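# Structural features, examined
For reference, the chains in residue letters:
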Number of protein chains: 2
Amino acid sequence: MTDCKKPLQGLKVLDFTRVYSGPYCTMMMGDLGADIIKVERKGVGDDTHYFGPMKNDESGYFTYFNRNKKSLSLDLKAPESIEIIKELAEWADIVVENFSPGVMDRLGIGYEDLKERNPKIIYGSISGFGQTGPYRKKPAYDIVCQAMGGFMALTGEKDGKPYKVGPSVADALAGIHMAFAIMAAVHHREETGEGQFIDVAMMDTAFSVLENFVVTKTLTGEAPTRNGNANLGSAPFNTFRTKDGYVAIACANNGLFTKLAKAIDREDLLDVPEYAENNLRKEHEDTLNPEIEKWTMERTAEEAVEILDAAKVPVGPILGIDDLVKDPQLKARNMLVDIDHPVLGKAAYPGNPLKFSETSDLCFNPAPLLGQHNEYILKEILGLDEDKIQQLKEKEIF
Amino acid sequence: MTDCKKPLQGLKVLDFTRVYSGPYCTMMMGDLGADIIKVERKGVGDDTHYFGPMKNDESGYFTYFNRNKKSLSLDLKAPESIEIIKELAEWADIVVENFSPGVMDRLGIGYEDLKERNPKIIYGSISGFGQTGPYRKKPAYDIVCQAMGGFMALTGEKDGKPYKVGPSVADALAGIHMAFAIMAAVHHREETGEGQFIDVAMMDTAFSVLENFVVTKTLTGEAPTRNGNANLGSAPFNTFRTKDGYVAIACANNGLFTKLAKAIDREDLLDVPEYAENNLRKEHEDTLNPEIEKWTMERTAEEAVEILDAAKVPVGPILGIDDLVKDPQLKARNMLVDIDHPVLGKAAYPGNPLKFSETSDLCFNPAPLLGQHNEYILKEILGLDEDKIQQLKEKEIF
């Protein structure tokens, strides 16, 4: 029996999130033991109930991001539902939502509405562009925020097409930034008693992680552009072709370059004045990189990685999904966990990436069915009696 | 005068982080008011002091990620330095580091060493592959973790080269996940009195955000690969060429497709049975996308965005660094803030993306010079007297 002590046990979250950014935020909190009530539209639910992969009419997309949550499905246009939500806001420490700005206010459950019932509530809103500013009403999907947050302009070949990151990383970034912001607000409330509203935008969080690209422009006037897999300042630091795919090799200093040259039996490169320092190697990478690739092209990716690994040169194969699901490191770190879902059956999902010494990362409840916890929540959390629940049922509130 | 109340005021962080992942974590905490003492190697400091952009021999890379921190520079091999660090661990709530696994232990300031002096310490270690498992000793740079965490295999054309995201997003993801984990541990300690060790790996956090790619494999047996800018389940949902660059357009349902068809004067597309539903449009995107591109190709990106914006179709231009630094939304949201640094002068940096209603996002201290706060820390925080400080100085400890 696993000890399931978790760091956020006892924290209560009322969750109106849908799709990816918000659900990733509350999944992180739920994985760490917070009690999450996900409020979904009656009969329809989160859009991702219909996103692939589908199996037995249930979605693997939904079940990944919504594990460890309870589902309450309500007719959000009925006044009785709004009252139920307000009562749950009294129970909750935290509300999270990622509707378009203005939607929660129009439903009557915006920050000001719920704060009236619980002055200490922490209320987090995630959106594409934020609750303020000229773009606030602009509809957003991850690809739009990757385009407008700088990622796409900086990914791909210099003279080629801009690429989005395959997975929706602007969503993920906004979600995990919000999770941090919420915990900062929880700390602030523990210190001062004060709740607050938090506004996190996908565009802002993408912009926040553009590394040194922005300051390069503001300090030197030069705007860096995409440049394949080259590093801005170091060489050899790129992907290199092998007999059967690419490997990434990263030498950012003389020590690593020396190790690389020795490992590939090219100590002659260490005597070339143009390759004597990192900045010189970067300047001459058009001649240096092909020298390295001559060596990698004579080997499979696996052979190249094995030799460079042994030499302590930073190197990695390009792992695809087929590789990742059997990767020994991910397995050793419980990054693939079996979860048994009543409809989907047992399957492996990504585990939680936060490893705490005193609390467990090994207990997961499956994602809920739509409305699975309706009666539990009304009865056990709000304390409604059978008659009242029956009345609400007859009115088709849930 | 700006009110500089911040949510993490009073929280104390002893910071051994270098380069990107760790410094982003503690920058987020410092932006929110935590007191950060960054311990750097005497005379050398964080590697990024030498990363571009450089100006007046100081680095914009370093000054972005290390604002709001104090710098203590120490000879980490001197026993006196280790004693100073242990005394600072008694002052601190939190320690964060991102050396290779094992380095802090060898220095004598690993979790067990510091826990002896402060049993409630929260100690966060960020690394490429984690503190456990077969890859734990493998040297890591962002590109290696993007390669081994799945991003590269999923970015680029199906039959083309795999691409890394331009900015080092595996670093950023590990850093912000750790910031969340630390605040979860702070909450746990406030509830139970218990400190703990936290282990976050770049590979794990990258794997954690691969959206539905992993569950697609584990539930259906099919491993999705990179596929340009196409969406896994919807169309038209891609980038499209214009007269002068690309735009991203994202229609994930019938309502949005109808708006798009009307906006581009192609209501005839709504009568085509192959385009009647989202899954059909995805199946026939090879014929549908060129119809959309015919329209975008007759316009500049700006014209296409203006028309589709007015029609409420999710659309975005590909904004580069030159566009972002003058973007009206980023400006309206204080995402470009001027910071005046004694060596670099005044320049714009990305602001903090977490917008709290009750606390400020508008107060930034410049990044410290190497060792700038040595005497302040020894005197004001550790309470050493002038004689003792003079002795340490003579021994060249700092």
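Residues numbered from 1 in each chain as written. Chains lettered and ligands numbered in written order. Predicted model: local features only at pLDDT ≥ 70, side-chain atom pairs only at ≥ 80, totals over all residues. Heavy atoms only, no water.

## A few points about the domain arrangement of chain A
Taken domain by domain, chain A consists of domain 1 (12-208 + 328-394) and domain 2 (237-318). Between the C-alpha centres of domain 1 of chain A and domain 2 of chain A the distance comes to 43 Å. (Domains from an automatic or database assignment.)

## A look at the interface of chain B and chain A
The partner chain A presents 140 residues to the 140 residues of chain B that form the contact. Here chain B and chain A share an interface that buries about 12100 Å² over both sides, 67% of which is from carbon and sulfur atoms. The largest per-residue losses of area from chain B upon contact with chain A belong to Phe180(B), Glu211(B) and Leu219(B), which jointly make up 7% of the total buried on that side. At the boundary of chain B and chain A, one finds 12 salt bridges. When residues in the side of chain B that touches chain A are grouped by element, the largest group, 16 residues, is from helix H7 (residues 169-192) of chain B. Partitioning the side of chain B that touches chain A into residue classes produces 84 nonpolar, 33 polar and 23 charged. Examined bridge by bridge, strand E14 (residues 354-356) of chain A and strand E8 (residues 196-201) of chain B share 3 bridges and lie antiparallel to one another. Bridge pairing links Lys355(A) to Asp199(B) in E8(B). (Contact = heavy atoms within 4.5 Å. Buried area = accessible area lost by both parts, 1.4 Å probe. Salt bridge = Lys/Arg side-chain N within 4 Å of Asp/Glu carboxyl O. Helix = DSSP H or I, 4+ residues; strand = E, 2+ residues; numbered from the N terminus. Nonpolar A, V, L, I, M, F, W, Y, C, P; charged D, E, K, R; others polar. Pairing = 2+ DSSP bridges.)

## Describing the packing of aromatic side chains
Enumeration over the complete set of coordinates arrives at 23 aromatic pairs over all chains. A centroid spacing of 5.6 Å and a plane angle of 20° characterise the contact between Tyr163(A) and Tyr163(B), whose relative ring orientation is stacked. You can see Tyr163(A) sitting in the loop between helix H6 (142-148) and helix H7 (169-192) and its partner Tyr163(B) sitting in the loop between helix H6 (142-148) and H7, one on each of two chains. For Tyr163(A), a relative accessible area of 7% puts it in the buried group. (Phe/Tyr/Trp six-rings, centres within 6.5 Å; stacked < 30°, edge-to-face > 60°. Buried < 20%, exposed > 50% of the residue type's maximum accessible area, 1.4 Å probe, protein only.)

## Here we look at helix H9 (residues 213-220) of chain B
Turning to H9(B), its buried residues number three or more, namely Phe213(B), Val214(B), Val215(B), Thr216(B) and Leu219(B). Backbone geometry just after H9(B) places Gly221(B) at a positive phi near 85°.

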